[in-house]
Amino acid sequence: MSGTRVLVLNSGSSSVKYQLLDMSDSSRLAVGLVERIGEQSSRLRHTPLATEKGAGESREWTGPIADHDAALKAVAEELAKDGLGLDSPELAAIGHRVVHGGKHFTEPTVIDDAVLAEIERLIPVAPLHNPANLTGIRTAQALRPDLPQVAVFDTAFHTTMPEPAARYAIDVRTADEHRIRRYGFHGTSHAYVSRATAKLLGKAPEEVNVIVLHLGNGASASAVRGGRCVDTSMGLTPLEGLVMGTRSGDTDPAVIFHLARVGGMSIDEIDTLLNKKSGLIGLCGDNDMREIRRRIDEGDEQAKLAFDIYIHRLKKYIGAYYAVLGRVDAVAFTAGVGENAAPVREAAVAGLETLGLAVDAGLNAVRSDEPRLISPADARVKVAVVPTDEELEIATQTYALVARYRNAAPPRGN
């Protein structure tokens, strides 16, 4: 393997996010997004960051992009304009974000027919995500059939959860037959942030116990002991756990039966309610934390209630994972809300001083793109803000896997 570049693809049902990185120094060469694929008003936004001519201006194009094949071809054309084409010998591999890998995939995996078949077999437990991921993989394979394609799974980091944490208390045969267990998601983020937090503390990941709070429109928590996940808030699907932008998080399962029997709602209607019309948007009509905080400042009681419910659930998970870990060295906030919403961080930790948790108001108010501590210097448990970097994590895992087989045939899927 002579090249050092990795193209990272995150294929959604109607979008493709991408980044091209040079793993010799982990620098980004280009980033971009194709959205509204399949519509007449599709849009491609491309930003070259490090080319032979230096950083360039963002380019935006709007028009019909019929499918993922056309989208990736358009991406390839934009990269080629900057001398970064997919035909470059510097391109070592393409890394794909795959949301659900089940129990089978515990690490990044070079994609072959068997791997594709298993990802397809997991569609029933990830109907919104895995089909789009598969489309992106197959399109990339057609464009560069000679290049290693690597799947990095959102669920992989959580496969270290012990059975008491991963199992639901339902009939074992039924659970096994239908693969019902807690898988967890946002794994690449939790892996990256837990390691970055250890580095911030000047320790090895194996020495540190961390509670990671990935707070974006989707939100999840994880308990990481010595670099290994031992519990996480999302379960069979990304619906379980924290209050999110549009998802309910933890809910009594009997709510579904009640809505069906008493409310006359269909399964699809209940699915839409819990996944798209609940969480913050269901509580107050907004899922943007900035807007919610603005409304609170203006005295909006409904926004305040939504915020308080959000924080209450967050505190419950911090306390629960403190108990699971026994010893906590740090609590790390990450993702859009976690990195930018100082009031969320302050409120989540308030009242937990007896657990050794506290936030320094001055440090918490500072805005920065760098990992940083926001707890008092003498705090027993450090509170950190660690910007996540899922694309770098995918690229790092992809490049490391391919590099291990530099002088051999690419490995088969596990």
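Thresholds applied
Residues numbered from 1 in each chain as written. Predicted model: local features only at pLDDT ≥ 70, side-chain atom pairs only at ≥ 80, totals over all residues. Heavy atoms only, no water. UniProt positions renumbered as here; feature names shortened; annotations may be inferred. Buried < 20%, exposed > 50% of the residue type's maximum accessible area, 1.4 Å probe, protein only. Helix = DSSP H or I, 4+ residues; strand = E, 2+ residues; numbered from the N terminus. Arc of directions from axis to C-beta. Contact = heavy atoms within 4.5 Å. Polar contact = N/O pair within 3.5 Å; in protein donor to acceptor, adjacent residues only side chain to side chain. 1 Å grid on protein atoms, 1.4 Å probe; cavity = no way out; pocket = protein on both sides within 12 Å on 5 of 7 lines; lining within 4 Å. Points joined across faces, edges and corners; volume = space filled by probe spheres on them. Nonpolar A, V, L, I, M, F, W, Y, C, P; charged D, E, K, R; others polar. Pairing = 2+ DSSP bridges. Axes fitted to C-alpha atoms, helices over the stretch in contact; angles between N-to-C directions. Parallel < 35°, antiparallel > 145°, perpendicular 65-115°, else oblique. Left-handed = near helix turned anticlockwise from the far one by under 90°. Salt bridge = Lys/Arg side-chain N within 4 Å of Asp/Glu carboxyl O. Core = buried A, V, L, I, M, F, W, Y, C linked by side-chain atoms within 4.5 Å.

If you look the chain up in an unreviewed UniProt entry, it shows as Acetate kinase from Streptomyces aurantiogriseus. The Subcellular location (unreviewed entry) field of the UniProt record for the chain holds the comment "Cytoplasm". Of the comments in the UniProt record for the chain, the one headed Subunit (unreviewed entry) reads "Homodimer."

Colleague: How would you sum up helix 10 (residues 289-297)? Please name residues and give values.
Modeller: Where helix 10 is concerned, the buried positions are Met289, Ile292, Arg295 and Ile296. Buried positions in helix 10, seen along its axis, are confined to an arc of 120 degrees and lie on one side of it. Exposed residues lying more than 90 degrees from the buried face of helix 10 are Arg290 and Asp297. Close packing links the buried residues of helix 10 with helix 9 (279-284), helix 11 (301-325), helix 12 (335-340) and helix 13 (342-349). Of the residues that open helix 10, the one with a side-chain oxygen 2.8 Å from the backbone nitrogen of Arg290 is Asp288. Backbone geometry just downstream of helix 10 places Gly299 in the positive-phi region, at approximately 90 degrees.

Colleague: Mind laying out the layout of surface pockets, listing which residues take part and the relevant values?
Modeller: Space inside the second largest pocket adds up to approximately 390 Å³. In this structure, the second largest pocket is lined by 19 residues; those nearest its centre are Asp288, Met289, Arg290, Gly336 and Val337. Of all the elements in the fold, those that place two or more residues in the lining of the second largest pocket are helix 10, helix 12 and helix 13. Here the lining of the second largest pocket is built from residues that sort into eight nonpolar, six polar and five charged.

Colleague: Lay out the pairing of strand 14 (residues 382-385) in plain terms, naming residues and giving numbers.
Modeller: Note that strand 12 (residues 330-334) and strand 14 share four bridges and pair parallel. The residue of strand 14 that forms the bridge with Phe333 is Val385. In terms of strand pairing, strand 13 (residues 372-373) meets strand 14 through two bridges, oriented antiparallel. Within strand 14, the position partnered with Leu373 by the bridge is Ala384.

Colleague: Break down the packing of helix 11 against helix 13 for me, with residues and values.
Modeller: The interhelical angle for the contact between helix 11 and helix 13, taken along N-to-C directions, is 55 degrees, at an axis separation of 9 Å. One finds that helix 11 runs oblique with respect to helix 13. Judged by the twist between their axes, the crossing of helix 11 over helix 13 is right-handed. Counted together, Phe307, Tyr310, Ile311, Leu314, Lys315 and Ile318 of helix 11 and Pro343, Val344, Ala347 and Ala348 of helix 13 form the full contact between these two elements. Residues that form the contact of helix 11 with helix 13 fall into these classes: nine nonpolar, no polar and one charged.

Colleague: Go over the pattern of salt bridges with me, naming the residues and quoting the values.
Modeller: Here the structure, examined in full by the defined rule, presents 26 salt bridges. Of the charged contacts, one joins Arg195 and Glu393 as a salt bridge, the two residues approaching to 2.5 Å between their closest N and O atoms. Of the two residues, Arg195 is situated in helix 6 (residues 187-200) and Glu393 in helix 15 (residues 390-404); the sequence distance between them amounts to 198 residues. Taking relative accessible area as the criterion, Arg195 reaches 38% and is therefore assigned partly exposed. Glu393 sits in the buried class, given a relative accessible area of 3%.

Colleague: Give a description of the UniProt feature "active site" (unreviewed entry) in the chain that names residues and reports values.
Modeller: Per the UniProt annotation, the sites labelled "active site" (unreviewed entry) are Asp154. Here Asp154 shows up in the loop between strand 8 (149-153) and helix 4 (163-166). Using a relative accessible area of 1% as the deciding quantity, one classes Asp154 as buried.

Colleague: Talk me through the nonpolar core; I want residue IDs and the actual numbers.
Modeller: If you look at the biggest cluster of nonpolar residues, it comprises 44 residues, and the most contacted ones within it are Leu213, Leu215, Met289, Tyr310, Leu314 and Val344. When sequence neighbours within four positions are dropped, the list of residues in contact with Tyr310 reads Leu215, Val243, Leu280, Met289, Val337 and Val344. With 23 residues, the next largest nonpolar core counts Val34, Ile65, Leu79 and Ala140 among its residues.

Colleague: If you had to explain the sheet that holds strand 9 (residues 209-215) to someone new, which residues and values would you point to?
Modeller: If you walk across this open sheet you meet the six strands as 11-10-9-12-14-13, and the pairing is mixed. Edge positions in the sheet fall to strand 11 (228-232) and strand 13, since each has one partner strand and no second. Pairing geometry for strand 10 (residues 219-225) and strand 11, over four bridges, is antiparallel. Its bridge partner being in strand 11, Val224 is matched across the sheet by Cys229. Contacts from helix 13 reach strand 9, strand 12, strand 13 and strand 14, with the element oriented near 150 degrees to strand 12.

Colleague: Talk me through the side chain of Arg144; I want residue IDs and the actual numbers.
Modeller: By secondary structure assignment, the location of Arg144 is in the loop between helix 3 (130-143) and strand 8. Here Asp146 takes part through its side chain, which lies 2.8 Å from a polar atom of the side chain of Arg144. Leave out the neighbours within four places in its chain, and Arg144 touches Leu86, Asp87, Ser88, Leu91 and Gln149.

Colleague: Kindly report on the side chain of Glu35, identifying the contributing residues and their values.
Modeller: Along the chain, the position of Glu35 falls in strand 3 (residues 27-35). At 2.3 Å, the side chain of Glu35 forms a polar contact with the side chain of Arg43. Setting aside residues no more than four positions away along its own chain, Glu35 makes contact with Ser14, Ser15, Ser42 and Arg43.

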